[in-house]
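# Report on the structure
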Amino acid sequence: MAQCAYCKAETLMYECGVPICIVCSNADAKRKPPQTDRQIRASLLQDVIEATSSNNEASKEFESVMGQFPGGLPYPGGAQRVKNASSRLSASRNQMMQAHTRLNEYLGHGIVPEDLKRSG
């Protein structure tokens, strides 16, 4: 299960490839889209920063879980902990790659993500 990109709650819901919980999704719908190039860059950069932070936390958690098994083989209940930590790390890496891709597409090609386009 992924963590919401904003509040870190566990969620199965995704919006534009980014995990988001129902509460944040409803709040996100009420937010105004950025109006200037500077605001768009700042929003995309903030997404990269948050995704990188989430990835760093997941990586530390995975290393901590793996460090508990000096013999290399986890005890039966530990296998699930390893699987869970690995899944969170994989999801956070995907989220980070998506955030970097969105920023790179905007900076390199001027492609504004759909969720940041001006309405009207």
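Residues numbered from 1 in each chain as written. Predicted model: local features only at pLDDT ≥ 70, side-chain atom pairs only at ≥ 80, totals over all residues. Heavy atoms only, no water.

## Focus on the overall build of the protein
Our working rule: Working definition: helices are DSSP H or I runs of at least four residues, strands are E runs of at least two. Numbering for both runs from the N terminus. Here, two residues are considered to be in contact whenever any of their heavy atoms come within 4.5 Å of each other. Values of accessible area rely on a 1.4 Å probe in the Shrake-Rupley scheme; residue burial ignores everything except the protein chains shown.
Across its full length, the protein holds three helices and four strands. Element order for the protein, N to C, with α for helix and β for strand: β-β-β-β-α-α-α. Once local pairs closer than 6 in sequence are excluded, the contacts in the protein between residues at least 24 apart make up 53%. As displayed, the protein offers around 7800 Å² of accessible surface, 54% of which is attributable to carbon and sulfur atoms.

## Considerations on the environment of glutamate 57
Turning to its location among the elements, glutamate 57 is positioned in helix 2 (residues 37-66). Taking the C-alpha atoms as reference points, glutamate 57 and serine 92, 35 residues apart in sequence, are found 9.0 Å from one another.

## Regarding unusual backbone geometry
Unusually for a residue other than glycine, lysine 8 sits at a positive phi of about 70°. With respect to the helices, strands and loops of the structure, lysine 8 is situated in the loop between strand 1 (2-3) and strand 2 (10-11).

## Focus on the side chain of arginine 102
Keep this limit in mind: We call a residue buried when its accessible area falls under 20% of the maximum for its residue type, exposed when it is over 50%, and partly exposed in between, using a 1.4 Å probe and counting protein chains only.
Along the polypeptide, arginine 102 turns up in helix 3 (residues 76-109). Judged by its relative accessible area of 8%, arginine 102 is buried.

## Let's talk about helix 3
Using the following cut-off: Expected span, for any helix, means 1.5 Å times one less than how many residues it has.
Between its terminal C-alpha atoms helix 3 stretches 49 Å, which fits the 50 Å expected from 34 residues at 1.5 Å a residue. The complete set of buried residues in helix 3 reads Gly78, Val82, Ala85, Leu89, Ser92, Gln95, Met96, Ala99, Arg102, Leu103 and Tyr106. At its buried positions, helix 3 is contacted by strand 1, strand 4 (18-19) and helix 2. One or two steps after helix 3, the chain reaches glycine 110, where phi turns positive at roughly 75°.

## Overview of the nonpolar core
Rules: Buried Ala, Val, Leu, Ile, Met, Phe, Trp, Tyr and Cys residues form a nonpolar core when they are joined through side-chain atoms within 4.5 Å.
Listed in full, the nine residues of the largest apolar core are Ile40, Leu44, Val48, Ala51, Met96, Ala99, Leu103, Tyr106 and Leu116. Put simply, the parts of the chain that give this core at least two residues each are helix 2 and helix 3. Among all residues touching valine 48, those that are not within four sequence positions of it are Ala99, His100 and Leu103.

## What to know about the confidence of the model for the protein
Caution applies to low-pLDDT parts of the model: their predicted coordinates are not meant to be read in detail. Using the following cut-off: The quantity called pLDDT is the predictor's confidence in a given residue, expressed from 0 to 100.
Confidence in the prediction for the protein averages 83 pLDDT; 84% of positions are at 70 or higher. Mean pLDDT across the secondary structure elements of the protein bottoms out at helix 1 (residues 22-30), with 67, and peaks at helix 2, with 92.

## Some remarks on the pattern of salt bridges
Note the threshold: Put simply, a salt bridge is a Lys or Arg side-chain nitrogen that is within 4 Å of an Asp or Glu carboxyl oxygen.
Applying the stated criterion across every chain yields a total of three salt bridges. In this structure, the salt-bridge partner of aspartate 47 is arginine 102, at a minimum N-O distance of 3.7 Å. With aspartate 47 in helix 2 and arginine 102 in helix 3, the pair connects residues that are 55 residues apart, well separated along the chain. With its nearest N and O atoms 2.4 Å apart, the salt bridge here joins glutamate 61 to arginine 88. Highlighted residues: glutamate 61 in helix 2 and arginine 88 in helix 3, separated in sequence by 27 residues.

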